[in-house]
Amino acid sequence: MPVIASALNLSDADIHGVITFYHDFKQEKPGKNTIQICRAEACQAMGSRQLEIHAKAKLGLDWHETTADRNFTLEPVYCLGNCACAPSVKINDTILADMTGEKLDQQIEALSLPSIEVKEL
Ligand code: FES
């Protein structure tokens, strides 16, 4: 933060305020895989709250946390532009539609194996 503040001629507090307000700015390196669960209205109406509870229990994480093995980071997101196929989840660069706890478990298990990529199920 001091390097950025100096380069932009701003205070450390200014930079800290921005970094802590916007979750896309990370103060720690995220896990190898980032799972984002949509919490916007359409996805909530289609069960994303239950999916969120399931994911937190499965991974033993709360929002913005990373597993001890550094394999997964869990993040909330507010609309992935895939509302018609809610609930939607984004794993790394792949948006997955009509997500269920079972499908999420399959993705997590696949990503727990070495050299497996995310694929639509
Ligand atoms: S509300 Fe979830 S993708 Fe739009």
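Conventions we followed
- Residues numbered from 1 in each chain as written.
- Predicted model: local features only at pLDDT ≥ 70, side-chain atom pairs only at ≥ 80, totals over all residues.
- Heavy atoms only, no water.
- 1 Å grid on protein atoms, 1.4 Å probe; cavity = no way out; pocket = protein on both sides within 12 Å on 5 of 7 lines; lining within 4 Å.
- Points joined across faces, edges and corners; volume = space filled by probe spheres on them.
- Nonpolar A, V, L, I, M, F, W, Y, C, P; charged D, E, K, R; others polar.
- Salt bridge = Lys/Arg side-chain N within 4 Å of Asp/Glu carboxyl O.
- Helix = DSSP H or I, 4+ residues; strand = E, 2+ residues; numbered from the N terminus.
- Buried < 20%, exposed > 50% of the residue type's maximum accessible area, 1.4 Å probe, protein only.

Enquirer: Tell me what's going on with empty space enclosed by the protein, and back it up with residues and numbers.
Expert: Tallied over the full model, the rule gives 2 cavities of 30 Å³ or more. Computed from the structure, the largest cavity encloses a volume of approximately 40 Å³. If you go around the largest cavity, the residues you meet are Leu96, Ala97, Met99, Lys103, Gln107, Glu120 and Leu121. Its residues placed into classes, the lining of the largest cavity shows 4 nonpolar, 1 polar and 2 charged.

Enquirer: Give a detailed account of the pattern of salt bridges, specifying residues and quantitative values.
Expert: The full count for this structure, using the stated rule, is 6 salt bridges. In this structure, the salt-bridge partner of Lys26 is Glu75, at a minimum N-O distance of 3.0 Å. One end of the pair, Lys26, is in the loop between α2 (12–21) and β1 (33–38); the other, Glu75, is in strand β3 (residues 72–77), with 49 residues separating them in the sequence. A relative accessible area of 38% places Lys26 in the partly exposed class. Note that Glu109 is salt-bridged to Lys58, the shortest N-O span being 3.3 Å. Taken as a pair, Glu109 in helix α5 (residues 101–111) and Lys58 in helix α4 (residues 48–59) lie far apart in primary sequence, 51 residues in all.

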